[in-house]
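Working through the structure, step by step
The lines below spell out each chain.
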Amino acid sequence: DAIRTDAMMRVRALRVADAHTGAGGSTWVYRFDWEAPGLGAAHGGDLPFTFATFDREGWGTVVGCDDRAEALGGAWRDAWLGFAAVGDPGNRAFPWPRHDVTTRPTRLFGPDGPTLVDDPAGASREVWMGRG
């Protein structure tokens, strides 16, 4: 699963982020790390967090909605709203530096809230993309 996720999602997204940054674009990188019971951090699992729809169509049960999920959803929506409003997903509570191909700052959205990590899973990324 990790190899497939890297090949189909993570590495492709990082290559786009690198290219966009290299062309002068403003780029931010994130990883949504909420692990749904029995699924893990699954593609599409961010949807009820994005739209605050834990109470619809069983999403709350699927993703394991609790107080941490509600709080993470609020932080997630704040980032999206900041990006839509001013073109920057960061805010005073959770600063978020632009992508840099050397340090690779990445906002992780997980069960303990948003955190900022440089080059998460860097050793794995280097296997696919090389150093820097």
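Above this note sits the structure.
The axes of two packed helices give the description: the angle between them and the distance between them. Contact pair helix H1 (residues 2–22) / helix H5 (residues 122–129): the axes reach a minimum separation of 11 Å and the direction vectors enclose 80°. Judged by the angle between their axes, H1 and H5 are roughly perpendicular. Residues Ile3, Asp6, Ala7, Arg10, Val11, Leu14, Arg15 and Asp18 of H1 pack against Ser124, Arg125, Trp128 and Met129 of H5. Looking at the contact of H1 with H5, its residues break down into six nonpolar, one polar and five charged.

We note that Glu57 has phi near 50°; this positive angle belongs to a residue other than glycine. Positive phi, close to 55°, is recorded for Ala121, a residue that is not glycine. Here Ala121 lies in the loop between strand S3 (113–118) and H5. Residue classification places Ala121 among the partly exposed positions, given a relative accessible area of 40%.

Rules and cut-offs
Residues numbered from 1 in each chain as written. Predicted model: local features only at pLDDT ≥ 70, side-chain atom pairs only at ≥ 80, totals over all residues. Heavy atoms only, no water. Axes fitted to C-alpha atoms, helices over the stretch in contact; angles between N-to-C directions. Helix = DSSP H or I, 4+ residues; strand = E, 2+ residues; numbered from the N terminus. Parallel < 35°, antiparallel > 145°, perpendicular 65-115°, else oblique. Contact = heavy atoms within 4.5 Å. Nonpolar A, V, L, I, M, F, W, Y, C, P; charged D, E, K, R; others polar. Buried < 20%, exposed > 50% of the residue type's maximum accessible area, 1.4 Å probe, protein only.

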